[in-house]
Amino acid sequence: MRRFDYPAPPPSEITPEPVYRARRQLLGLGLASPLLALAGCAGAEDAAPAAAPAAATDSPDGFRTAEALTRWEDVTSYNNFYEFGTGKADPGRNAHTLKPAPWAVVVGGEAEVTGTFGLEDFLRPHAVQERIYRLRCVEGWSMVVPWQGVPLGELLRRFKPTSRAKYVAFTTLADPVQMPGIRFPALDWPYREGLRMDEAMNPLTLLATGLYGKPLPNQNGAPLRLVVPWKYGFKSIKSIVRIDFTEQMPDTSWNLAQPSEYGFYSNVNPDVDHPRWSQRSERRIAGEGNRVFAERIATLPFNGYAEQVAAMYSGMDLRKWF
């Protein structure tokens, strides 16, 4: 396993202490990020944590929103993770078979530094940060989630991608013992996703290791998942075991399954409907009794992050490059 030495980030980038009330001592030692990841689902069934405090207003960098947080109970029980079943409650029931520790990530492709890295070494140089993001599912529902993790771009720079690296490809674990859902051909396993390099390097893009100040529960993608808040939720690949720098646009699972319905970019766009339903509004998940009949709210272009990301798509026909 390789190790890196990098200077600590400035204090302004370190996660606020109140978010980690239960882990003050770990933060003091600078170990929160790897330990959140390696702890996997430990404590996921404990009492719900105290809500992380939302900012009074949305932050100009997009890292926080003042919208009401979705309850821990809903974030951890209303999930899409087909490796554990296609029903929303299936991951919560079945993901206990996932073993998120020990864990390793393979880095390959067009980069100077490649190899297999234990998760602790993979994350060690980076201080964990909190991001309160909107999550918009392509199915027309949404949440507001307090994630913890490390900025993807900061991490990718350590591997020194070459000038040939135009995209970043991600792969999920595919183990039929740990993930009973892959015994069925719901998708072409393993699950794959990808980003253009500028998307991967955007400050909003996060490698999440926790939520609500606790380690990622298995059903939410333990121990390491992507969060790309201006894209539909299926782009935020879970339980990542491989990252590759590629010259060509990589295959992605939902695009392979239904290319006319799920484009590579999959930016949230209320003006481009799914072929089978409108994308102009969404159900904000707010309690178990409100999952189906929740009041609908208007969907925003780029899920409300246009100020931070729209420039990356200047000149592109977003109806063609959906």
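You'll find the structure just up there.
Caption draft 1: Here's a closer look at the overall build of the protein chain. The helix and strand tally for the protein chain stands at 9 helices and 12 strands. In the protein chain, which comprises 322 residues, the share counted as buried stands at 54%. For the protein chain, restricting intrachain contacts to residue pairs at least 6 apart in sequence, the fraction spanning at least 24 positions comes to 72%. Within the structure as shown, the protein chain displays about 13800 Å² of accessible surface, and the carbon and sulfur contribution to it stands at 54%.

Caption draft 2: Expanded view of the pairing of strand β10 (residues 240-246). Among the 7 residues that make up β10, 5 are buried, leaving the element largely enclosed by the rest of the structure. Direction of pairing for strand β1 (residues 104-109) relative to β10: parallel, over a ladder of 4 bridges. Residue pairing in the sheet places valine 107 in a bridge with isoleucine 243 of β10. Note: strand β5 (residues 167-172) against β10, 6 bridges, orientation antiparallel. Bridging across to β10, threonine 171 finds its partner in arginine 242.

Caption draft 3: A look at the layout of surface pockets. Each pocket or cavity is described by its volume, and for the largest pocket that value is around 470 Å³. Contributing elements (two or more residues each) for the lining of the largest pocket: β3 (129-136) and β4 (141-151). Tallying contributions element by element places β4 first for the lining of the largest pocket, with 4 residues. Split into classes, the residues belonging to the lining of the largest pocket amount to 18 nonpolar, 6 polar and 6 charged.

About the thresholds
Residues numbered from 1 in each chain as written. Predicted model: local features only at pLDDT ≥ 70, side-chain atom pairs only at ≥ 80, totals over all residues. Heavy atoms only, no water. Helix = DSSP H or I, 4+ residues; strand = E, 2+ residues; numbered from the N terminus. Buried < 20%, exposed > 50% of the residue type's maximum accessible area, 1.4 Å probe, protein only. Contact = heavy atoms within 4.5 Å. Areas by Shrake-Rupley, 256 points an atom, 1.4 Å probe, with all protein chains shown as cover. Pairing = 2+ DSSP bridges. 1 Å grid on protein atoms, 1.4 Å probe; cavity = no way out; pocket = protein on both sides within 12 Å on 5 of 7 lines; lining within 4 Å. Points joined across faces, edges and corners; volume = space filled by probe spheres on them. Nonpolar A, V, L, I, M, F, W, Y, C, P; charged D, E, K, R; others polar.

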